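Observations on the three-dimensional arrangement
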Amino acid sequence: MIKLRAHPLTAVGFIAPFWAIFLLPVLRRFLSGSHTVAFVAEGLMLAFVILQGFFRARALEIIVSAEKICLRRGVIRKEEVFFAKNAVSCLGVRENPLLSLFSTVSVQINTEAGRWRSDYKIILKKRDAERLRKSLGMGMGVKSIRMGAERITLMSAAMSSAAVGVLLAAPMIARLVRLLDIGISNLLLETARKTVISSSLIYFAMLFIFFYCVSFVSLLIRSLIMKVGFSDDSICVSSGLLPRRYTFLKKDAVNIISLEQKPLLRLTKRVLIRVGVAGCGGKRQDDVVVPIARKSEIEPFLQTLFSLSLPSCGISPGKGTRYRFVRLPLFFLVTVPTAAIISGVYVPKIAAAAVPMAVISLLFFAYLSNLSLKSSKATLLSSGGGYLFAAGARGMSFRRVFCRGDRIGMFKIRRWPKDLKNGSCVLTVFVRSKRSERIKLKFIDFAATEEYCRAFWKR
């Protein structure tokens, strides 16, 4: 049996939610001056917050036995949490300069029955964290493969988005708008002031690029010096410089293995390999096993990490269904750019914005048409090795997914009048996971799909 006590630094995590209390003395001094009663009340509140954090950290401990783990916590209300060792699906270890000063690390424990975020967080001494990792059998005899700068940069560019950049840079939005109004408007947008739509379009484009860059830089920094290690029963993904993160995953807890081709990756003919682990949530790149893989590397990685191979046959779209894949993208490819040009001709105020809008929409729907054409040829449903395999488009990406058979929750088959005529259907596979993962396959053969679904749980 191993007993591990939380390091006193754990108290910082218990104190942090009450950070606003530490601002009260400063605010009081600026707003109302000094009062003895208020000073005493604030001192008592601060003392209470600090003491509760200290005592809660001191009461926190982990007891590891041969088959189970017990986590004890609480000061006034005592609490004990028991879970089996084999229920731990993911172990996260985080290092940063502050923790390194005290030879400590932040440990995050995820279980299959846990929530989206980490179930339990605790700061331990490095030697105690190593003892916990070894007792769970994670990372033993790991062989590491270092991912190069090209892979990490492409992954960061493909996974970044302006929406994430907005969240990261929210405090800077107001300041950025002021800078645009004062500086850039006078220098770059003098010709666009005549039309409100034109200047707004430029503002929007600049903001989009700015927030995308924020997201890209943030993800790139978090992914520096990425290494992927593997053993017979676990995978270790390490990344980042300050802080440095180590994520240990149990292979038995991997529910989904996804080979994704986002727009940028399709242009460069690369693939992003991700895994979905039971009970493991977190940042976007935490579930990335191989940031970028070439076509020739996919099979070796699948064989080495999961003993899987890409199937070559299965249920695919029937004859005469290719047009159904591409009809909507082709329709918008023709109508939207044409409508933008015509609007610019008849409405002079938007003439300056019509051409950029037409070009952007033309490129967008041309890409969707190409993706739909690929889906009509590569959509596939198959199984083998205890996994369901599905390939098809999702949003702007093309995915090939392996999903453990015992994690499939439901099949849904839908048929439109055209499907009844062509003998096809739309299949949606629902996966039992925290992400409520869904796999959608369009216009595949109905008779073969129905037989596949009926016999799936008999295998």
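Residues numbered from 1 in each chain as written. Predicted model: local features only at pLDDT ≥ 70, side-chain atom pairs only at ≥ 80, totals over all residues. Heavy atoms only, no water.

Assigned secondary structure in the protein chain consists of 15 helices and 20 strands. Residues counted as buried form 44% of the 459 residues belonging to the protein chain. Counting only contacts in the protein chain whose residues sit at least 6 apart along the sequence, the fraction spanning at least 24 positions is 58%. Summing over all exposed atoms, the protein chain offers an accessible surface of approximately 25300 Å²; the carbon and sulfur share of this is 64%. (Helix = DSSP H or I, 4+ residues; strand = E, 2+ residues; numbered from the N terminus. Buried < 20%, exposed > 50% of the residue type's maximum accessible area, 1.4 Å probe, protein only. Contact = heavy atoms within 4.5 Å. Areas by Shrake-Rupley, 256 points an atom, 1.4 Å probe, with all protein chains shown as cover.)

Turning our attention to the packing of aromatic side chains. By the definition in use, this model includes twelve aromatic pairs. Where F364 meets F365, the ring centres are 5.0 Å apart and the plane angle is 75°; that geometry is what we call edge-to-face. We classify F364 as partly exposed; its relative accessible area is 35%. For F365, a relative accessible area of 14% puts it in the buried group. Against the face of Y246 rests R244, its NZ or CZ located 5.7 Å from the ring centre. Residue placement shows R415 over the ring face of F446; its charged tip is 3.7 Å from the ring centre. (Phe/Tyr/Trp six-rings, centres within 6.5 Å; stacked < 30°, edge-to-face > 60°. Lys NZ or Arg CZ within 6 Å of the ring centre and 35° of its normal.)

It is worth spelling out the sheet that holds strand 12 (residues 254-261) at this point. One open sheet holds the six strands; their spatial order is 14-13-12-17-16-15, and the pairing between them is antiparallel. Looking at which strands have only one partner, the edges of the open sheet turn out to be strand 14 (288-294) and strand 15 (380-384). Here the average twist between neighbouring strands, direction ignored, is 20°. Alignment of strand 12 against strand 13 (residues 270-277), held across six bridges, turns out to be antiparallel. Paired with S258 across the two strands is R274, which belongs to strand 13. Packing against the sheet, helix 11 (residues 295-306) makes contact with strand 12, strand 13, strand 14 and strand 17 (397-404), and its axis sits at approximately 150° to strand 14. (Pairing = 2+ DSSP bridges. Axes fitted to C-alpha atoms, helices over the stretch in contact; angles between N-to-C directions.)

On the surface, K412, R414, R438, K440 and K442 cluster together into a positively charged patch. Listing elements by their share of the positive patch, those giving two or more residues are strand 18 (408-414) and strand 20 (438-445). Within the secondary structure layout, K412 lies in strand 18. Taking relative accessible area as the criterion, K412 reaches 38% and is therefore assigned partly exposed. (Patch = residues over 30% accessible without salt bridge, like charges linked within 9 Å, V, L, I, M, F, W, Y side chains within 5 Å. Salt bridge = Lys/Arg side-chain N within 4 Å of Asp/Glu carboxyl O. Lys, Arg positive; Asp, Glu negative; His and termini not counted. Charge placed at Lys NZ, Arg CZ, Asp CG, Glu CD.)

Turning our eyes to something else, we now look at the nonpolar core. Formed by 46 residues in total, the largest nonpolar core has its most connected members in I257, I273, V275, L302 and F306. Every residue in contact with I257, bar those within four places of it in the chain, is listed here: I273, R274, V275, L302, F306, L308, Y387, R400, V401 and F402. Judged by nonpolar contacts, the second largest core, of 28 residues, contains A11, I109, L132 and M138. (Core = buried A, V, L, I, M, F, W, Y, C linked by side-chain atoms within 4.5 Å.)

Another aspect to go through is the pattern of salt bridges. A full pass over the atoms with the stated rule returns 16 salt bridges. The residue E61 makes a salt bridge to R72 at a minimum N-O spacing of 3.4 Å. In this pair, E61 sits in strand 2 (residues 61-64) while R72 sits in strand 3 (residues 68-73), placing the two residues eleven residues apart along the sequence. Residue E61 is classed as buried on the basis of its relative accessible area of 6%. Given the relative accessible area of 32%, R72 is considered partly exposed. Put simply, E130 and R133 hold a salt bridge, and the shortest N to O gap is 2.7 Å.

Another aspect to go through is a negative patch on the surface. A cluster of like negative charges, contributed by E112, D232, D233 and D252, occupies part of the molecular surface. Mapping D252 onto the fold places it in the loop between strand 11 (244-250) and strand 12. A residue is classified by how much of its surface remains accessible, and D252, at 66% relative accessible area, is exposed.

Looking now at the sheet that holds strand 2. Spatially, the four strands line up as an open sheet ordered 1-2-3-4, and their pairing is antiparallel. Both edges of this open sheet fall to strand 1 (2-5) and strand 4 (79-84), since each of them pairs with a single strand only. Neighbour to neighbour, the strand axes of the sheet diverge by 15° on average, direction disregarded. Of the pairings in the sheet, the one linking strand 2 to strand 3 comprises four bridges and is antiparallel in character. Counted as the bridge partner of I62 is L71 from strand 3.

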